[in-house]
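A look at the structure
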Amino acid sequence: KHLSGDDSDVDHSNQYISDVKRLTGVPYPHDTQEQQSRTKLADGLKTALRTQTQSFVSQFVQSNGLDCLLEFLQQMDHNTRQSAIHTAIIGCIKALLNNTYGRGRVLSHVSATNIIAQSLYTDNVKTKVAVYEILGAVCLVPGGHKNVLKAMTHLQHFASERTRLQVGNFTCVFMMGELYTRNALWKDCCA
């Protein structure tokens, strides 16, 4: 049977969701081939969310794809947290933020910003940079800087840090402050 674009998008997005669910909470593999397979899956989803049709992204989000990604981030083990798989899953969230429908869902999600901030609890620099970019973008949304500061406080408790402005995260808060200031100046200039 030949599938129409919408049926194909439903099948394709549901397959990605099933695959991510299957990997959620599963320990990081020692087998190099399995590591590559998982990274390829996450990278494939990231690419699909960036390049597929609006109906694909809508179907992915409506089928609880965002919740699935956030659940994956919450249940990662230490080794997955340090891996390219983690970076690719954060890339999926960035791709959703670059889509009007996806952005609305991410920004309105009750715990998304907190869960995304938890991803700073890694040694992987690429992952940290991607998370900083996401949090910086959230700061540009009205009231977003307050949500990011709340997320940094959440991270403080998640990572058992003494303060939310410890050295590892000070750069992020400084960058977010700069973005907020520049956005406020830009709005004043253009108003």
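Everything discussed here concerns the structure shown above.
The paragraphs below set out a description of the structure included in this document. No experiment lies behind these values; they were computed from the predicted model shown.

Counting residues in each nonpolar core, the largest one holds 48 residues, and the members touching the most others are Leu49, Leu69, Ile93 and Leu96. Of all the secondary-structure elements, those providing two or more residues to this core are helix H1 (5–23), helix H2 (32–51), helix H3 (54–62), helix H4 (65–75), helix H6 (84–97), helix H8 (112–118), helix H9 (125–139) and helix H10 (144–158). Element by element, the count of residues in this core is highest for H6, at 9 residues. Beyond its immediate sequence surroundings of up to four residues, leucine 49 is in contact with Phe56, Val57, Phe60, Cys92, Ala95 and Leu96.

What follows concerns the pattern of salt bridges. Counting across every chain of the model gives 4 salt bridges. Salt-bridge contacts for arginine 38 lead to glutamate 34; the nearest nitrogen and oxygen are separated by 3.0 Å. You can see arginine 38 and its partner glutamate 34 sitting in helix H2, 4 residues apart, about one turn around the helix. The partly exposed category is assigned to glutamate 34, whose relative accessible area is 28%. Taking the shortest distance from any N to any O, the salt bridge between lysine 46 and aspartate 43 comes out at 3.5 Å. Here aspartate 43 and lysine 46 lie together in helix H2, a separation of 3 residues that amounts to about one turn.

The next subject is the packing of H4 against H6. Contact geometry for H4 and H6: axes closest at 11 Å, N-to-C directions at 150°. When the axis of H4 is compared with that of H6, the two are roughly antiparallel. In the crossing of H4 with H6, the sense of the turn from one axis to the other is left-handed. Of the residues in H6, those in contact with Leu66, Leu69, Leu70, Phe72 and Leu73 of H4 are Ile85, His86, Ile89, Ile90, Cys92, Ile93 and Leu96. Of the residues belonging to the contact of H4 with H6, the class tally is 11 nonpolar, 1 polar and no charged.

Conventions used here
Numbers given for residues are sequential positions, taken from 1 along each chain in its written order. Per-residue local features of the predicted model are confined to residues with pLDDT of at least 70, and side-chain atom pairs are confined, for both listing and counting, to 80 or more; whole-chain, interface and lining totals are unaffected and use all residues. In computing side-chain values, all of the structure's heavy atoms are included and hydrogens and water are not. Throughout, nonpolar core names a set of buried Ala, Val, Leu, Ile, Met, Phe, Trp, Tyr and Cys residues whose side chains join them through atoms within 4.5 Å. Only protein chains enter the accessibility calculation, which uses a 1.4 Å probe; a residue is then buried when its area is under 20% of its type maximum, exposed when over 50%, and partly exposed in between. Only DSSP runs of H or I covering at least 4 residues are called helices, and only runs of E covering at least 2 are called strands; the numbering of each starts at the N terminus. Two residues form a contact once any of their heavy atoms are found within 4.5 Å. Throughout this description, the term salt bridge denotes a Lys or Arg side-chain nitrogen within 4 Å of a carboxyl oxygen of Asp or Glu. Orientation is described by axes fitted as lines to C-alpha atoms, over the contacting stretch for helices, and by angles from 0 to 180 degrees between their N-to-C directions. Under this scheme an angle from 65 to 115 degrees is roughly perpendicular, one under 35 degrees roughly parallel, and one over 145 degrees roughly antiparallel; angles in between are oblique. Two helices crossing with the near one rotated counterclockwise from the far one by less than a right angle form a left-handed crossing, whereas a clockwise rotation gives a right-handed crossing. Just so you know the grouping, Ala, Val, Leu, Ile, Met, Phe, Trp, Tyr, Cys and Pro go in nonpolar, Asp, Glu, Lys and Arg go in charged, and all remaining residues, Gly too, go in polar.

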